[in-house]
Structures are given as C-alpha cells and as structure tokens.
Amino acid sequence: MGKKEEIAEIFYNIASILEIQNVQWKPAAYRKAARSLESLGEDIEDIYKEKGIKGLEEIPGIGERLAKKISEYIETGRIKEWEKLKKTLPSGFYEILKIPGMGVKKAYVLYKKLGIKNIKDLEKAVRSHKISKSGIFGFKEKTEENILQGLEFLKKTGKEERKLLSQVLPLAQQLREQILGIKGARKADIAGSLRRMKETIRDVDMLVCCEEKLISNIARLPVVGRVTAKGSTRASIVTKQGLQVDIRVVPEESYGSALQYFTGSKEHSIHLRKICIKKGLKLSEYGLFRGKKRIAGETEQEIYKALGLQYPEPELREDRGEIELAMKNKLPKILGYNEVLGDLHVHTNASDGNNTLQELAQYAKVLGRKYLAICDHGGEHLPITNALSVKELERQIKIIDKFNSKSEIFILKGAEVDILANGSLSLPDSILKKLDIVMASVHSGFKFPEEKMTFRVLKAMDNPYISVLGHPTGRIIHEREPYKINLEKIFEKARERQIALEINAFPNRLDLNDTNVKLALDHKCKFAIGTDSHVKEHLSYLVYGIAVARRGWATANDVLNAWPKEKLLKWLRR
DNA sequence: GCCGTTTTCGGCCCGACTGTTTTCAGTCG
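Bear in mind the structure is a predicted one, so any value in this text is a computation, not a measurement.

Across all of its chains, the model carries eleven aromatic pairs by this definition. With centroids separated by 6.4 Å and ring planes inclined at 65°, the aromatic side chains of Phe93 and Tyr111 adopt a geometry described as edge-to-face. Note that Phe93 is positioned in helix H6 (residues 93-96) and Tyr111 in helix H7 (residues 104-114), a separation of 18 residues in sequence. Among the aromatic residues, those joined into a cluster by ring pairs are Trp82, Phe93, Tyr94, Tyr108 and Tyr111. The ring of Trp553 carries Lys518 above its face, with NZ or CZ at 4.3 Å from the centroid. The ring of Phe410 has Lys565 lying over it, and the distance from NZ or CZ to the ring centre is 4.6 Å.

Structure below.
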C-alpha cells in the first residue's frame with residue numbers, strides 16, 4: 001500500500017467515526033477526498049515535495065484542512081486528530097466495515113449492544129445465532145445469513161486484487177453476446193469502468209433493454225455461476241469465472257441516460273448533476289428533466305447536447321477537466337481505436353520471443369497492421385535471456401531487408417537496448433545507427449534512489465540514436481511498483497531530444513499509464529504504442545495501449561504509430 | 001470539510017434493493 005492509499009484509508013475511517021457522531025456533510029467530504037487520493041495518478045509525496053501544501057490543495061476534494069492533515073502524515077507518519085479519534089472505537093471495528101452489506105450504522109449497533117469488536121467476534125456471534133436471538137431492532141435471521149455470506153465473500157475475495165482489463169473485457173463481451181441472444185433482448189451494453197477502459201476492473205456493469213421479466217432468463221445463462229440479488233430492474237450475478245456483474249434493465253426512452261449514468265465515473269456524473277441543478281434541470285438514470293418533462297434520455301449524445309456540452313468519449317470521463325473543456329467545445333479529438341496502423345514493440349524467437357519474424361508478420365497482417373517494429377533485446381551479458389549480440393543483430397537486419405523486399409507488411413529494424421547502471425547502452429552506436437528504431441529501457445537496478453535513476457535515464461537519452469524510451473516507469477501491475485524517477489525531467493528531455501515515450505500495451509504493464517500520458521502531453525511529448533509481444537497472440541494487446549492513450553487525452557497526431565509509414569520513417573530518421 | 005459563471009456563506013447527486021419496524025433506514029453504486 002502506497003502513501004496515498006494509507007491516507008485514503010485514514011480518511012475513510014475518519015468519515016465512519018464522524019458518521020457515528022452524526023456529524024453532517026463531513027463524512028461525505030472525507031470520503032470524496034479519500035476516493036480522490038486513490039485515483040490520483042501522481043505520487044502524493046512527489047506533489048508535496050514539489051509544490052507543498054498548495055499542490056495538495058489542487059487535488060479535487062482536498063482543501064486547506066485536509067491538505068494540512070496530508071502534509072502532517074507525510075512529515076510525521078501520523079495524523080494527530082486521527083490518533084485521538086480512533087481511540088473512540090476498537091481497532092478491529094474498521095475491518096468489519098469491509099464486509100459487503102455492513103455499514104457504519106449496523107456495525108456500531110452490534111458493537112454497542114453485543115460488544116462485537118472485530119471480525120472474529122462477529123463471525124462467532126453469527127454462527128451461534130447470538131445476533132438474531134438478541135432481539136436487537138432490525139437484526140433477524142436473514143441479516144445474520146447475509147453477514148455470513150459477506151464474511152465468506154470477504155475471505156475469498158478480500159485479498160484478491162482488481163482484475164486486469166484484459167482479463168475482464170473478453171468475458172464481458174461474451175456475456176453481452178449471450179444476453180443479446182435471448183429472445184426479446186433489444187440492446188445490451190457494457191458500462192462502468194470497463195467502458196471507460198480503466199487498467200484494472202473490480203466488477204462489470206451491464207445495461208440491457210428488454211422486458212423486465214427477461215431478467216430471470218439472464219440470471220439463468222450458462223456463464224452465470226451465482227445470483228446474489230435480483231429485482232425487477234436489477235440483478236447481481238457472479239460468473240463461473242468469478243467475475244461480479246451488475247445487470248440493469250432499462251426502458252428504451254431512458255437508455256442513454258442510464259448508459260451515461262452507469263458509465264460514470266462517479267466524479268464525472270456528480271459534476272454533471274451539479275451543472276444540471278444550476279440550470280434548473282435534474283439528471284438521473286431515467287433522463288434529463290425540466291420539472292416533470294423529460295427533455296433528453298434516449299441517447300447519451302442528446303443529454304450532453306441538451307446541457308450545452310460536447311460529447312466526451314467514455315475514456316475521458318474522470319472529471320479531470322473534460323467537463324470544463326466540453327463546455328467550451330474544446331475537447332481533444334482523441335486517438336481512435338482504428339487509427340493505429342502498426343505495432344512498435346515486438347520480440348521474435350531470435351531473443352526471448354516464441355515466434356519467428358515470418359509468423360509474427362503474418363499474424364500482424366491478419367490483424368490489419370501495416371507495419372511492425374522488431375525490437376529484440378540487444379547486448380551481451382544482460383540480465384535478459386537471449387539478448388542479441390552485434391553480429392546477430394546485423395544478421396537480423398539483413399533478414400529483414402530481404403523480407404521487406406517481397407512483403408506487404410513492412411518491418412522496421414529495431415532493438416530494445418538496455419540502459420545500464422551508469423546510463424550507457426548495451427549496444428554500441430555503430431550498430432544502433434543501422435536501425436530504424438531504437439528503444440532504450442531499464443531492466444535492472446529498479447531500486448536505485450530517484451536521483452541516480454533519473455540521472456541514468458537522462459544520460460541514456462542523450463544518445464543520438466535513441467528514438468523511444470521503453471516502459472518509462474517499469475511498473476508491473478500487482479507485481480512491481482514504478483521505480484523512483486523524476487518524470488517531469490524525463491518528459492522535458494524527451495521533448496528536447498525528440499524521443500517518443502512508450503505506451504507499453506502489455507496488459508500488466510500499461511506503462512506509461514493514463515495520467516502520466518496526460519502529464520507528458522502537457523510537456524508536448526510524442527508516444528509510441530507497443531505490445532511488447534513475445535508470442536504472436538500478444539499482438540492483439542494493442543487495444544489496451546490505445547485505451548491508455550485515449551484515457552491520457554492523446555490524439556492521432558501525438559502517437560507515432562498512428563502515422564503512415566512514410567511519415568513515421570521520416571520522423572525516425574531525422 | 002469542500003467549493004464557487006447566481007454564493008467566501010450556504011449549499012452539498014439520485015435512486016434501487018433489502019430486510020424488516022409494512023414505512024423506512026441502511027447500504028450500495
């Protein structure tokens with residue numbers, strides 16, 4: 001858990017205590033601040049280090065008071081007010097709140113009436129039916145049963161991390177197809193964070209337009225493992241693969257407003273609703289209303305239009321300034337999923353890949369790619385298996401030239417060279433200058449202190465033959481934190497030296513990530529999307545890199561591989 | 001406690017489902 005998650009957890013807990021104390025509004029403010037911290041792209045300590053308290057106050061939902069508390073935590077490792085507040089409740093209390101269905105109110109009643117202080121107490125009380133027998137107002141057998149289910153769920157999934165976008169998207173698309181296959185189902189769409197293509201997903205929101213009675217048929221589909229709730233317009237299911245899906249049945253006339261609402265993000269929707277209130281309108285999942293009259297709702301487009309806003313693509317809806325720009329009709333035209341023509345990071349079996357150049361090229365052609373950059377690892381004595389020596393790379397260059405002379409798909413001659421500890425590269429300039437594209441990446445010394453790491457990468461970027469900085473932060477989702485590096489300095493250098501930043505599309509890398517892409521765009525950097533394929537099937541991961549670019553507000557002009565081959569080669573050969 | 005093209009004071013998103021007290025509070029998204 002990083003610093004910002006730690007602070008967010010404290011804020012959530014403070015919100016719980018204030019709610020018990022019946023304090024008005026503050027709990028919501030603390031929760032909003034906590035959510036805001038969790039979704040923060042940058043490192044909270046970096047922000048504080050660079051811009052101080054003022055920088056913290058720029059974070060949405062953080063004002064003067066909370067900024068102070070955050071700085072106190074960063075400086076001293078604790079928040080005095082929290083240390084005082086937390087003594088009012090047993091330390092295990094906050095764990096109980098993580099059980100689905102258990103909120104502050106219920107947990108507090110159980111603590112006060114039955115002395116339940118932690119999850120262990122709770123489980124014991126439930127199993128011995130102490131709660132239902134106690135006669136406490138509002139707690140009977142069904143409540144007990146639900147707590148037990150919640151406990152089981154927490155035990156099973158509590159440690160389970162959010163799933164990768166790539167694991168969820170195909171399953172959700174498959175479920176959507178099955179729903180559309182039910183007789184009488186007119187429309188079905190993925191909403192929620194999955195529609196916004198977030199890098200990780202907790203659960204899926206699915207919208208369906210059909211007769212309400214058909215919800216039972218959906219609950220009986222073969223992919224469905226368990227039904228956890230079912231009403232006339234909503235059902236919650238868990239698929240056999242363990243994916244949580246919330247399904248909502250929506251009438252035709254409010255399909256667009258429902259899609260808008262359930263796509264979120266929550267912050268985007270709340271911001272939108274506030275604008276509505278100012279205009280004397282009301283927006284809900286049932287439509288946009290003036291008084292009782294529905295003035296829009298069938299499509300998302302007509303809702304945004306009625307509010308005087310440009311239509312924002314789902315990937316933009318994070319309340320990161322898109323609403324303000326949409327008001328002024330100044331939203332960027334973000335990169336389209338069909339606009340990327342090639343893949344700029346592919347490995348063959350010459351280094352650590354599994355497929356031959358020919359197999360990769362053929363599969364890329366099937367996927368509609370126009371060009372492909374082969375960037376096998378290069379250099380001797382590397383911590384990377386099978387890196388190519390200068391001789392082997394020279395041989396590969398000849399093979400590619402021969403291949404290109406009689407192939408429809410164009411192969412760029414490239415290499416992924418290693419940035420060594422001192423900032424030098426794993427291959428000499430004499431071979432680099434013979435390549436079309438040189439990607440430089442860090443593959444060792446991930447624990448370097450920030451200054452050493454930044455210096456090392458900056459030094460490597462002074463090499464005249466480097467065209468792309470590979471996976472610039474080194475993070476691997478669920479496995480490895482990004483290494484400490486001053487990205488602002490890297491971005492400045494990248495613009496100065498005209499080096500593109502990779503958006504590595506491999507599903508557990510996605511590096512740069514969305515917020516860093518947006519930051520780099522402020523520095524006017526260019527990007528190269530690459531799948532980092534090691535097997536030909538990986539070539540289809542391109543979509544996840546495009547999603548990151550879109551979420552980072554990049555346009556086709558900002559992304560090298562959205563350019564035609566000639567323009568790309570000209571840029572690379574400057 | 002945050003926030004500002006009506007406000008530095010006075011607002012703060014909206015609705016479904018659940019269990020239970022059969023009218024509504026709690027929880028969730």
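This next bit is on the pairing of strand S9 (residues 287-290). Sheet topology places strand S8 (residues 282-284) next to S9; three bridges connect them, and they run antiparallel. Paired with Ser284 across the strands is Gly287, a residue of S9. Where S8 folds back onto S9 in an antiparallel hairpin, the turn is made up of two residues. Pairing of S9 with strand S10 (residues 293-296), which is carried by three bridges, proceeds in the antiparallel orientation. When the sheet's bridge partners are listed, Arg290 is paired in S10 with Lys293. Counted along the chain from S9 to the antiparallel partner S10, the turn is two residues long, and its residue Gly291 has a positive phi close to 60°.

A separate point is helix H19 (residues 390-404). The end-to-end C-alpha separation of H19 is 21 Å, in line with the 21 Å expected for 15 residues at 1.5 Å each. Burial in H19 covers these residues: Leu393, Gln396, Ile397, Ile400, Phe403 and Asn404. Take H19 and look down its axis: the buried residues cluster within an arc of 130°, on one side only. Looking at H19, the residues exposed on the side facing more than 90 degrees away from the buried face are Lys391, Arg395, Lys398 and Lys402. Buried residues along H19 sit against helix H18 (357-366), strand S12 (371-378), strand S13 (410-418) and helix H20 (429-432).

What follows covers the packing of helix H1 (residues 3-20) against helix H2 (residues 26-38). Interhelical geometry of H1 versus H2 gives an angle of 165° and a closest axis separation of 8 Å. One finds that H1 runs roughly antiparallel with respect to H2. Considering only the axes of H1 and H2, their crossing is left-handed. Contacts from Lys4, Ile7, Ala8, Phe11, Tyr12, Ile14, Ala15, Ser16, Leu18 and Glu19 of H1 reach H2 at Lys26, Pro27, Tyr30, Arg31, Ala33, Ala34, Arg35, Leu37 and Glu38. Here the residues of the contact of H1 with H2 sort into twelve nonpolar, one polar and six charged.

How each quantity is defined
Residues numbered from 1 in each chain as written. Chains lettered and ligands numbered in written order. Predicted model: local features only at pLDDT ≥ 70, side-chain atom pairs only at ≥ 80, totals over all residues. Heavy atoms only, no water. Phe/Tyr/Trp six-rings, centres within 6.5 Å; stacked < 30°, edge-to-face > 60°. Helix = DSSP H or I, 4+ residues; strand = E, 2+ residues; numbered from the N terminus. Lys NZ or Arg CZ within 6 Å of the ring centre and 35° of its normal. Pairing = 2+ DSSP bridges. Expected span 1.5 Å × (residues − 1). Buried < 20%, exposed > 50% of the residue type's maximum accessible area, 1.4 Å probe, protein only. Arc of directions from axis to C-beta. Contact = heavy atoms within 4.5 Å. Axes fitted to C-alpha atoms, helices over the stretch in contact; angles between N-to-C directions. Parallel < 35°, antiparallel > 145°, perpendicular 65-115°, else oblique. Left-handed = near helix turned anticlockwise from the far one by under 90°. Nonpolar A, V, L, I, M, F, W, Y, C, P; charged D, E, K, R; others polar.

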